[in-house]
Amino acid sequence: MPCMGKSRSVTTWVSAISALVRLAAEMAASPPPDPTDPGAATTGPGPRVEAVELIRIAIPLVAPFRTSFGVQTQRDVLLIHLLGDSGEGWGECVAMGEPGYSSEYTEAAEQLIGQHLLPRLLARRRVSAAELGGVLESIRGHRMAKAALEMAWLDLELRVAGMSLADYLGAARTEVDCGVSVGIADTREQLLETVAGYLDDGYRRIKLKIEPGLDIERVRAVRERFGPGVVLQVDANAAYTLADAEHLGRLDELGLVLIEQPLPEEQLLGHAKLARRLTTPICLDESILSATVAAEAIEMGACSIVNIKPGRVGGYLEAKHIHDVCTALSVPVWCGGMLETGIGRAANLALAALPGFTLPGDTSASDRYFHQDITAPFVLHDGRLRVPTGAGLGVEVRRDVVDRLTTRRSMVRPG
Ligand code: OSB
Ligand code: MG
C-alpha cells in the first residue's frame, strides 16, 4: 500500500503547464505506486472480495435543501458493502436520486455497478484500489459509480493494512476548517435566520446557493446583516449564461471569496470569458471531471480556485491528483460535498486534510444534514471537524440504522 502523500515532490513537476496537462492525463490513467515508500508493500495484490452487498437507503434531511437544480428533502443513497476474505469495506455513492446536479443518479449507478463494474472487478481474483481505475477504464464516464467502489476498496484494503485514509493520502492536519452550504430560502428573513444559526454553530465560512432572481439582493442582505468579517461565497450550480456577465458583476462589491460554477458544465471557455469580466474569483465544481480538465481549465483561465469532490472525479485517488496539480499551479482547492452520510464524510475529511486544501470546505457536521446518521455523528468543535484516525475510512457503520432506512438490497457474487 503506497502512501500517496510522500510520493511526489512538487519541485519535480515540470513547470510548463502544457506538460502538466499531459502528466495529469497519464497520472489519471494509472496512479504510480512509489516503490521507495515505506508503506508500499503492506497489502500486496489487493483484497479478495467474495461478495458485495448493494444497499439503497432513504435518509431524511433535517430541512429541505433547495438549489438552482431542485429541492431535496431526503437522500437516496447507494451503499457498497464489500465482504472480503480479510474483512469488510464500506463505500457510498454520492449520486443523487435525480440527475439534476449531473447526469448520474442513484438508480443508474446501482444498475451500472451491478451489471458492468462489479462483474469486471470480481472476475479477477484480487484487485487493489489503485488498479481499479485501470480495470474499469473501458467504461466511459459514470465517475460517481466508480468512486463508490474505489471508496469501499480503499476502506477494506486500508483496514487490513491498519492505515487510515488520511495517512494514505498524505494528510497534513488532524482537523479541518468547516464551511456550510446554505440552500435557497423561501424568504430573505428565513435566509438570514438560517445563516445566523450556522454562524452561532461556529461555521467558518458561509456558502449561499443562488439562482437568477434570487441572487444579488439576497447576498447583499447577508453581507449587510453579518458584516464584512463573514467569509462568504456563492454557488450557482450552472444556472447562468454568459449574457448574465454584467448582472453577476454586481457581486463584485460584496467581498465574496468566490463564485462557484456560474455556467454550464461544458462551458470552460465561457467561464474564461466571464472570469475576465469579474473581480470575484471563479471556482469550478461541475466542470472539473478529472485532473486533466482541472489543468486545462486553469490554463485557459476558466477558474482560479477548484472545488474537489471525489465522487464527481471518479474517486479519492483522482481527487488527490487534482490536489497535486492545483498545488503545483498555486491554485487553492477545497473539498466539496454531496450531502454525504458519515461514510463519505469520513473520507472527505481525510482528503480535506491534505496541505493544498487551504479554503474551508462543505464538510459540515452530521447534524446539518441528518437527525440520525449511519455512523457516529461528526460534531463541530470550534468550527472544525476531526479527521478520522482509525484504519480505512475510520468509521463503523451502524447496521441497525442502515437496516431501518433500507429501501432495497441485493447481493453480487463473482461468476
Ligand atoms: O454544488 O456543491 C454543490 C449538494 C448537492 C449537490 C451539489 C452541491 C451540494 C452542496 C452541499 O452545495 C454540499 C454539502 O454540504 O454536502
Ligand atoms: Mg457546487
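The following paragraphs examine the structure supplied in this document. Quantities reported herein were computed from a predicted structural model and do not represent experimental measurements. (Residues numbered from 1 in each chain as written. Chains lettered and ligands numbered in written order. Predicted model: local features only at pLDDT ≥ 70, side-chain atom pairs only at ≥ 80, totals over all residues.)

### Looking at the sheet that holds strand 10 (residues 305-308)
Stated precisely, the cut-off is as follows: By definition, two strands form a pair when at least two bridges between them are found by DSSP. Going along the chain from the N terminus, every DSSP run of H or I of four or more residues is numbered as a helix, and every run of E of two or more is numbered as a strand.
The strand order across the open sheet formed by seven strands is 5-6-7-8-9-10-11, and the pairing between neighbours is parallel. Looking at which strands have only one partner, the edges of the open sheet turn out to be strand 5 (179-182) and strand 11 (333-335).

### Examining helix 7 (residues 216-226)
The test is simple: Counting other C-beta atoms within 10 Å of each residue's C-beta, where C-beta atoms are placed from the backbone, gives the exposure class: buried for 20 or more, exposed for 12 or fewer, partly exposed between. Starting at the helix axis, one direction is taken to each C-beta atom, and the arc is that of these directions.
What helix 7 keeps buried is the set Arg218, Val219 and Val222. The arc that holds every buried residue of helix 7, seen down its axis, measures 95°, which confines them to one face. Seen from the buried face of helix 7, the exposed residues on the opposite side, beyond 90 degrees, are Glu217 and Glu224. Just downstream of helix 7, Gly227 is the residue with a positive phi angle, here 85°.

### Quick word on the site of ligand 1
Rule in force here: What makes a residue near a molecule or strand is its C-beta atom, placed from the backbone, lying within 6 Å of it. In this count, Pro and Cys sit with the nonpolar residues alongside Ala, Val, Leu, Ile, Met, Phe, Trp and Tyr, while Asp, Glu, Lys and Arg are called charged and the others, Gly among them, polar.
Around ligand 1 sit Tyr101, Ser181, Asp235, Asn237, Asp285, Gly336, Gly337, Met338, Leu339, Asp362 and Ser364, and those are all the residues in its vicinity. Looking at the shell around ligand 1 residue by residue, the class counts come to three nonpolar, five polar and three charged.

### Some remarks on helix 2 (residues 106-122)
So the rule is basically this: Note on bend: the value at a residue is the angle between axes fitted to the seven residues ending there and to the seven starting there.
Its axis deflected by about 45° at Ile113, helix 2 carries its strongest bend there. Buried residues of helix 2: Thr106, Ala109, Glu110, Leu112, Ile113, Leu117, Leu118 and Leu121, and no others.

### With respect to the sheet that holds strand 1 (residues 49-67)
Paired through their backbone hydrogen bonds, the strands of a sheet run either parallel or antiparallel. Note the following rule: Here the axes come from fitting lines to C-alpha atoms, over the contacting stretch only for helices, and the angles between their N-to-C directions go from 0 to 180 degrees. In this description, a residue-residue contact is defined by the distance between C-beta atoms placed from the backbone, which must lie within 7 Å.
Within the open sheet, the four strands sit side by side as 3-2-1-13. Their pairing is antiparallel. Two strands lie at the open edges of the sheet, namely strand 3 (87-93) and strand 13 (406-412), each paired on one side alone. This sheet shows a mean twist of 20° between the axes of neighbouring strands, independent of strand direction. Of the strand pairs in this sheet, strand 1 and strand 13 are connected by six bridges, and their pairing is antiparallel. Counted as the bridge partner of Ile55 is Arg409 from strand 13. Lying over the sheet, helix 2 contacts strand 1, strand 2 (70-84), strand 3 and strand 13, oriented at roughly 155° with respect to strand 1. Contacts between helix 4 (residues 143-161) and the sheet are confined to strand 2 and strand 3, with strand 3 contributing the most and set at about 155° to the helix.

### Digging into unusual backbone geometry
Here the phi dihedral of Asn237 falls at roughly 45°; this positive angle occurs in a residue that is not glycine. Along the polypeptide, Asn237 turns up in the loop between strand 7 (232-235) and helix 8 (245-248). If you check the backbone angles, Ser330 has positive phi at about 60° while not being a glycine. Mapping Ser330 onto the fold places it in the loop between helix 12 (316-328) and strand 11.

### Topic: the nonpolar core
It is characteristic of soluble globular proteins that their nonpolar side chains tend to be buried jointly. Formally: To define a nonpolar core, we join buried Ala, Val, Leu, Ile, Met, Phe, Trp, Tyr and Cys residues through C-beta atoms within 7 Å and take the resulting set. As used throughout, domain bounds are those supplied by an automatic or database domain assignment.
The biggest cluster of nonpolar side chains holds 128 residues, and the ones touching the most others in it are Ala148, Ala294, Val306, Ile322 and Ala350. Looking at this core, the element that brings in the most residues is helix 4, giving twelve residues. Here this core spans two domains, and each of domain 1 (49-162 + 399-412) and domain 2 (167-386) adds at least three residues to it. If we ignore the near neighbours within four places in the chain, the residues touching Ala294 are Ile288, Val306, Ile322, Val325 and Cys326.

### A word on the environment of Cys178
Tracing the sequence through the fold places Cys178 in the loop between strand 4 (175-177) and strand 5. With near-sequence residues (within four places) excluded, Cys178 lies in contact with Tyr203, Arg204, Pro360, Gly361, Thr363, Ser364, Leu380, Gly383, Arg384 and Leu385.

### Remarks on the pairing of strand 1
The pairing of strand 1 with strand 2 spans 14 bridges and is antiparallel. Counted as the bridge partner of Pro60 is Gln74 from strand 2.

### Focus on the pairing of strand 2
The antiparallel pairing of strand 1 with strand 2 creates a hairpin that spans two residues between the two strands. Judged from the seven bridges that link them, strand 2 and strand 3 form a sheet pairing that is antiparallel. Paired with Leu83 across the strands is Glu88, a residue of strand 3. Connecting strand 2 to the next strand, strand 3, in antiparallel fashion are two residues.

### Structural notes on the environment of His271
Along the chain, His271 falls in helix 9 (residues 268-275). Accessibility expressed as a C-beta count within 10 Å gives 23 for His271, which makes it buried. Here the alpha-carbon distance between His271 and Ser287, two residues 16 residues apart in the chain, equals 9.9 Å. Beyond its immediate sequence surroundings of up to four residues, His271 is in contact with Leu263, Ile282, Leu284, Ala302 and Cys303.

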